[in-house]
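Residue-level structure breakdown
Residue strings, one per chain:
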Amino acid sequence: MTSADTVVQAKQSPVARIAARAGGGALRVVLILVGLLWLMPTAGLLLSSLRDPSEVDISGWWKVFTDPGQLTFSGYDNLLGNQQITDSLWTTLAITVPATLLVVVIGALAGYAFAWMDFPGRDVWFLIVVGLLVVPIQVALIPVAKLFGEIGIFQTTTGVVLFHTAFGLPFAIFLLRNFFAEIPRELLEAARLDGAGELRLFLRVVMPLGGPAIASLGIFQFLWVWNDMLVALIFADSGNPPITVALQQQVRQFGNNIDILGPGAFVSMLIPLAVFFAFQRQFVAGVMAGAVK
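Residues numbered from 1 in each chain as written. Predicted model: local features only at pLDDT ≥ 70, side-chain atom pairs only at ≥ 80, totals over all residues. Heavy atoms only, no water.

To continue, consider the layout of surface pockets. Taken as a whole, the largest pocket spans an internal volume of roughly 400 Å³. In this structure, the largest pocket is lined by 16 residues; those nearest its centre are Leu132, Ala166, Phe167, Gly168 and Pro170. At the level of elements, α6 (122–132), α8 (157–180) and α11 (211–226) are the ones that each hand at least two residues to the lining of the largest pocket. The element best represented in the lining of the largest pocket is α8, accounting for seven residues. Of the residues belonging to the lining of the largest pocket, the class tally is 14 nonpolar, two polar and no charged. Each pocket or cavity is described by its volume, and for the second largest pocket that value is around 270 Å³. Around the second largest pocket, the lining residues are Trp38, Leu39, Thr42, Leu46, Phe266, Met269, Leu273 and Phe277. Sorting the residues of the lining of the second largest pocket by element identifies α2 (14–49) and α14 (258–278) as the ones contributing at least two each. (1 Å grid on protein atoms, 1.4 Å probe; cavity = no way out; pocket = protein on both sides within 12 Å on 5 of 7 lines; lining within 4 Å. Points joined across faces, edges and corners; volume = space filled by probe spheres on them. Helix = DSSP H or I, 4+ residues; strand = E, 2+ residues; numbered from the N terminus. Nonpolar A, V, L, I, M, F, W, Y, C, P; charged D, E, K, R; others polar.)

This is how it looks when you write it as structure tokens:
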């Protein structure tokens, strides 16, 4: 080892030195083991959903490896035959998709306005938006429920969408404003000299450059709304609830309807996982861009 290598190694952090000494192969093994531990609950849920309820009551899901004959798709057949569960999936989509699109569109427009447009009280309004980030959802449940009841949208899909949109906008505006503010001013000025108006500038320049941040925001919002239970339990229609509330209603007084809960819980995970993996590259790019900036 040369003196230069010794100096470089001395400047490295203790974690970096340990990783360098451990070698790439050993580090990969450790990361794979950590990943398997994180995936174990999901794998257990999948295998439990493929077992007969009588087997689930008397043994753990790991018994499948010694007795593969336990695996059956009868639970998923029962799930597809349960009208309440299938309707709840469509209700969840009807809530999640509009709530995500509204937050992304409105947040992007507001973020661009706060970053590059001059209007009276811009900084004050932005501070108000930042202040709304610390307002917990629980504080607004009763007042918003009374308001929605007076205007006739309490326990409706529209009410749930509006609630999620309202509480998702402060974070969306804060995130996108900070990302858009890092766009070089020269690039925007050049587009304005070419005759681009604000709308065309936003659609042709800002939106393509902000794609990673917008994708990250969309994934966060989609996962939050899809997995929400508190807001859905209060504001959604009890006769046609989202999947989280529908699964909670399957819990009996003296036991669980495991033949519905297991497959239903796993199916409810598939769509968020598909959305995440579909936009994985944009999500990672957005996170890395935010970390660098």
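Having seen it, we continue.
A separate point is the packing of aromatic side chains. For the coordinates displayed, the defined rule picks out 11 aromatic pairs. Put simply, the rings of Phe148, Phe154, Phe163, Phe167 and Phe235 pair up and form one aromatic cluster. (Phe/Tyr/Trp six-rings, centres within 6.5 Å; stacked < 30°, edge-to-face > 60°.)

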